[in-house]
Amino acid sequence: MGKYIVLAALLLAYPTFVGDFFTFQIGAYALLLGTVALSLQVLGGYGGMVSLSQLTVAGIAGYTVAILGDNTTNVMGLGWPWWCVVTAAIAIAAIAASLIGAISVRTEGIYTIMITLAIAVSFFYFVRQNYPVFNGFTGLAGVEPPRFGALYLRDPAPFYYLSLAIAAVFFWAVRYERHATFGLALQAIRDNPRRMAALGYNVPLHRVAAHALAGVIAGTAGVALVWFNGRISPGTVGVDVAIDILIIAVIGGMRHPIGPFIGALVFVLLENFAIDLIDRERFNTVIGLCFLAIVFLSPDGLLGLFDKARQAVRADTPKPQEPRKHPDKLHHNR
Amino acid sequence: MNQVLPPNPNPNILDLSGVGRQFGALVAVAGIDLHIKRQERRAMLGSNGAGKTTLFNLMTGDIPVSQGTIHFKGADVTVLKPQDRVRRGLRRTYQISQLFGLLSVRENVYLAARGIAGNRFSLIRTQAKDALMQEAENCISAVHLDDAIETEVGNLSHGQQRQLEIAMALVGKPELILFDEPAAGLSPTERRDLVRLLKGLPQEIGFIIIEHDMDVALQVADLVSVMHDGRIFKEGTPDEIENDDAVQALYLGDGHG
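Residues numbered from 1 in each chain as written. Chains lettered and ligands numbered in written order. Predicted model: local features only at pLDDT ≥ 70, side-chain atom pairs only at ≥ 80, totals over all residues. Heavy atoms only, no water.

Participant: How should the nonpolar core be read in this particular structure?
Facilitator: The nonpolar side chains of a soluble globular protein tend to be buried, and buried together. Core analysis: the biggest nonpolar cluster contains 88 residues, and A:L33, A:Y63, A:V65, A:F159, A:V223 and A:W227 have the highest contact counts within it. It is helix α2 (residues 20-46) of chain A that contributes the most residues to this core, 15 residues altogether. Filtering out sequence-adjacent residues up to four positions away, A:V65 remains in contact with A:D70, A:V85, A:A89, A:V143, A:V223, A:V226 and A:W227. Counting 63 residues, the second-largest nonpolar core is a separate cluster that includes A:Y201, B:A136, B:I140 and B:L170. (Core = buried A, V, L, I, M, F, W, Y, C linked by side-chain atoms within 4.5 Å. Buried < 20%, exposed > 50% of the residue type's maximum accessible area, 1.4 Å probe, protein only. Helix = DSSP H or I, 4+ residues; strand = E, 2+ residues; numbered from the N terminus. Contact = heavy atoms within 4.5 Å.)

Participant: Help me understand a nonpolar patch on the surface, please; the structure alone is not making it clear to me.
Facilitator: Residue and element names in this part refer to chain A. Together, F21, F22, L265 and L269 give the surface a local cluster of nonpolar side chains, amounting to about 310 Å² of exposed area. Mapped by element, the contributors of at least two residues to the nonpolar patch are α2 and α11 (259-277). Note on L269: relative accessible area 32%, which makes it partly exposed. (Patch = residues over 30% accessible without salt bridge, like charges linked within 9 Å, V, L, I, M, F, W, Y side chains within 5 Å. Areas by Shrake-Rupley, 256 points an atom, 1.4 Å probe, with all protein chains shown as cover. Salt bridge = Lys/Arg side-chain N within 4 Å of Asp/Glu carboxyl O.)

Participant: Where do I start with unusual backbone geometry in this structure?
Facilitator: Where the residue is not glycine, phi is negative for most of them; where a peptide bond is considered, it is trans in most cases. Look at A:N74: it is not a glycine, yet its phi comes out positive at around 65°. Within the secondary structure layout, A:N74 lies in the loop between α3 (54-68) and α4 (82-104). Of note, B:N119 is a non-glycine position whose phi angle comes to about 60°, a positive value. Of note, B:N119 is situated in the loop between α3 (105-117) and α4 (131-142). Judged by relative accessible area, which is 55%, B:N119 ranks as exposed.

Participant: Any chance you could explain the domain arrangement of chain B here in plain terms?
Facilitator: When the parts of a complex come together, some accessible area is lost, and that lost area is often used as the size of the interface. All names here are of chain B. Per the domain assignment, the segments making up chain B are domain 1 (1-89 + 174-257) and domain 2 (100-172). The C-alpha-based centres of domain 1 and domain 2 are spaced at 25 Å. Regarding the contact of domain 1 and domain 2, the summed buried area is about 1,100 Å², with carbon and sulfur atoms giving 66% of it. It is R87, P174 and L197 in domain 1 that bury the most area against domain 2; as a group they hold 43% of the surface buried on that side. Counting across the interface, domain 1 meets domain 2 through 0 salt bridges. Where domain 1 meets domain 2, there are 4 residue pairs in polar contact (both at pLDDT 80 or more). At the level of elements, α2 (82-87), β7 (176-180) and α6 (188-199) are the ones that each hand at least two residues to the side of domain 1 that touches domain 2. The class makeup of the residues in the side of domain 1 that touches domain 2 is 11 nonpolar, 1 polar and 4 charged. (Domains from an automatic or database assignment. Buried area = accessible area lost by both parts, 1.4 Å probe. Polar contact = N/O pair within 3.5 Å; in protein donor to acceptor, adjacent residues only side chain to side chain. Nonpolar A, V, L, I, M, F, W, Y, C, P; charged D, E, K, R; others polar.)

Participant: Is there a simple way to think about the pattern of salt bridges in this case?
Facilitator: Pairs can form between side chains of opposite charge once their charged atoms are near each other. Going through the model one piece at a time under the given rule, you end up with 19 salt bridges over all chains. Of the charged contacts, one joins A:E144 and A:R154 as a salt bridge, the two residues approaching to 3.9 Å between their closest N and O atoms. Taken together, the residues A:E144 in the loop between β1 (140-141) and β2 (147-148) and A:R154 in the loop between β3 (151-152) and α6 (156-177) connect sequence positions 10 residues apart. Accessibility expressed as a relative area gives 43% for A:E144, which makes it partly exposed. The partner of B:D84 in a salt bridge is B:R87, with the nearest N and O atoms 3.6 Å apart. Of this pair, B:D84 and B:R87 both sit in helix α2, 3 residues apart, which is roughly one turn of that helix. Since its relative accessible area comes to 28%, B:D84 is described here as partly exposed. Each of the salt bridges in this network shares a partner with another, and the network as a whole consists of A:R255, A:D300, A:D307 and A:R310.

Participant: Help me understand the packing of aromatic side chains, please; the structure alone is not making it clear to me.
Facilitator: What characterises a pair of aromatic rings is the spacing of the ring centres plus the angle enclosed by the ring planes. Overall, the coordinates contain 20 aromatic pairs over all chains when judged by the stated rule. The interplanar angle of 35° and the centroid separation of 5.4 Å between the aromatic rings of A:Y14 and A:Y160 together place this pair among those described as tilted. Of this pair, A:Y14 sits in helix α1 (residues 2-17) while A:Y160 sits in helix α6, and the two are 146 residues apart along the sequence. Members of the aromatic cluster, each reached through a chain of ring pairs, are A:F24, A:Y29, A:F159 and A:F228. Its guanidinium or amino end placed over the ring of B:Y94, B:R92 lies 4.3 Å from that ring's centre, counting from NZ or CZ. (Phe/Tyr/Trp six-rings, centres within 6.5 Å; stacked < 30°, edge-to-face > 60°. Lys NZ or Arg CZ within 6 Å of the ring centre and 35° of its normal.)

Participant: Looking at this structure, I do not really get the environment of A:D244. What am I missing?
Facilitator: Residues and elements named next belong to chain A. Take D244: it is sitting in helix α10 (residues 239-252). On the basis of relative accessibility, which here comes to 21%, the residue D244 falls in the partly exposed class. Spatially, the C-alpha atom of D244 lies 24 Å from that of A102, the residues being 142 residues apart in sequence.

Participant: In this structure, what is going on with the sheet that holds β7(B)? I would like to understand it.
Facilitator: Adjacent strands of a sheet form backbone hydrogen bonds with each other and so pair up, either parallel or antiparallel. Residue and element names in this part refer to chain B. If you trace the 6 strands from one edge of the open sheet to the other, you get β6-β7-β8-β3-β9-β10, paired in mixed fashion. Strand pairing shows two members of the sheet lacking a second neighbour, β6 (90-92) and β10 (231-236), which therefore form its edges. On average, adjacent strands in this sheet sit at an angle of 20° to one another, irrespective of strand direction. As paired elements, β6 and β7 share 3 bridges and run parallel to each other. Residue L90 lies in a different strand from β7, and its bridge partner there is L176. (Pairing = 2+ DSSP bridges. Axes fitted to C-alpha atoms, helices over the stretch in contact; angles between N-to-C directions.)

Participant: Help me understand the side chain of B:T54 in this model?
Facilitator: For B:T54, the position within the fold is in helix α1 (residues 52-60). Residues in contact with B:T54, not counting those within four places in the same chain, are B:R21, B:F23, B:A28 and B:V29.

Participant: Even after reading the chapter, I still don't get the environment of B:S141, so can you show me in this structure?
Facilitator: Residue and element names in this part refer to chain B. In this structure, S141 sits in helix α4. What makes S141 partly exposed here is its relative accessible area of 32%. For S141 and A167, which are 26 residues apart along the polypeptide, the C-alpha to C-alpha distance reads 8.5 Å.

Participant: Before we go on, may I ask you to explain α6(B) in this structure?
Facilitator: Residue and element names in this part refer to chain B. Taking 1.5 Å as the rise per residue, α6 with 12 residues should run 16 Å; its terminal C-alpha atoms sit 17 Å apart, in good agreement. Of all the positions in α6, only L194, V195, L197 and L198 are classed as buried. For α6, the arc enclosing every buried residue in end-on projection is 160°, short of the 170-degree limit, so these residues lie on one face. Projecting away from the buried face of α6 at angles above 90 degrees are the exposed residues P188, R192, R196 and K199. Its buried side turned inward, α6 meets β3 (41-45), α4, α5 (158-170), β7, β8 (206-210) and α7 (214-220). (Expected span 1.5 Å × (residues − 1). Arc of directions from axis to C-beta.)

Participant: For this particular structure, what's the right way to read the interface of chain A and chain B?
Facilitator: Across the contact, 26 residues belong to chain A and 30 residues belong to chain B. When the two sides are added together, the surface that chain A and chain B hide from each other amounts to roughly 2,500 Å², 58% of it contributed by carbon and sulfur. Where chain A touches chain B, the interface holds 1 salt bridge. For the salt bridge of B:E165 with A:R195, the shortest nitrogen-to-oxygen distance reads 3.0 Å. In this assembly, chain A and chain B are joined by 14 residue pairs in polar contact (both at pLDDT 80 or more). Of all elements in the fold, only α6, α7 (181-191), α8 (193-198) and α9 (203-229) of chain A reach the threshold of two or more residues within the side of chain A that touches chain B. For the side of chain A that touches chain B, the element with the most residues is α7(A), which contributes 8 residues. Tallied by class, the residues present in the side of chain A that touches chain B amount to 14 nonpolar, 6 polar and 6 charged.

Written as structure tokens, this is what we have:
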């Protein structure tokens, strides 16, 4: 528990130490991308279902905000009050995620990835070709977060704290759920779906429910992301970005909900600063090599590297005590 | 209170009539009639490929029957799904352990208990004092796994995993358990423990046990059925089966060849 209090204090104090760029473009963005990747960690790490459509779910929430709320594109923009828009966006994201789940849960492994990839691709082309509602290639711009008196949510610090609150709530929820009945059953289904069915569980329904909950997580992050960008277009929900989410989850580590956030931070830092290390033409190569190195060194991502380092430190510490051969000390070490 | 109950018309817990299963041209189970009484303990013997495990899969619904009917506690369950049969009190263990390797012993047994009890989508964390958690702990004690209760199942020994399989079959007041070779791969000591465990099960729990080890099977069973080529070849008490020449020939002759 102690380490979480330290982490929380650091995250809360972060904007007072850094400028607007690091608060908004790095801090808030990493927290939101991490939250989308967290929804993938729930499905992939606990449910054994690697889905490439989590960004699509976030994008559905984002488009819903732009369509039902206000935008400056003269397409849709129904002007609903913000709380209606947010509730509707998250609910629609959860429903869409359940439908994606219903289509994909009867598949396993690579086929789940293919089906969810197909869904992501079709959503991308659908919004690009549909002008009456989604305004096609240009998308919908001028999407504003709500104002509360003098508090403007897109100012760096307020937006950072909003992103931190979203990330923290879902991080805590996922950590809690891991040991709840639903979460335990989900992990058991990952380990042995046939046995779970024989024990009386409705495996497909359980998986769809996991998609729905992950949809709430991705959808909420999607709402905040459309406020972050101020606009949404097919490029926001493209396949390259969908794969970025998978990369974030994999380099962070899928075993623990902290993994996606570590992955997102590394990803955002690389995306912003790799260009300073090397010329403009080559910076994607640097990013790619970094990810390759992480996955090569540790299949469990940065989390796995962290565990390895900790084990190495533990294995090293007793050594200086050995020459002394103090019986009490040796006993303690066992 | 002195209500006179009508005599139970059917003393059997499980009735198989003409149950058969083909896989393409292969006849795995050929029209078997089998009647198991309540609280009965029955052993199924037979060489590899005799159809014992297939028969179990038909009883539990893991594989649908090709023909015949299955009645459990008097009700026709022939087309019911496995989970519906589980909820009626029919449990099984697997020849190859089917466990949840990254969860603890406690969590494995708890999930088995929860599967029968309902409320399987609860988003609330489990508490140590929950009735189901208590029941899970009791079942873990019954198979002597108390010391390993928090251990991740993937780290258990083979013998402990077999014990855990049995604990998962004991939750939720089962009336009939199908044990599929529970002694497979166990050491002689572990076999003795297993026999003691099976003999010590509450009397109201009946079971059918598939076992290659004649000693184990004959010690724990009231009645023995010997299967051969998808049929029941012989039925009798352990003594009768042990001294039956035809069974001996089958077991020591071509059966193990």
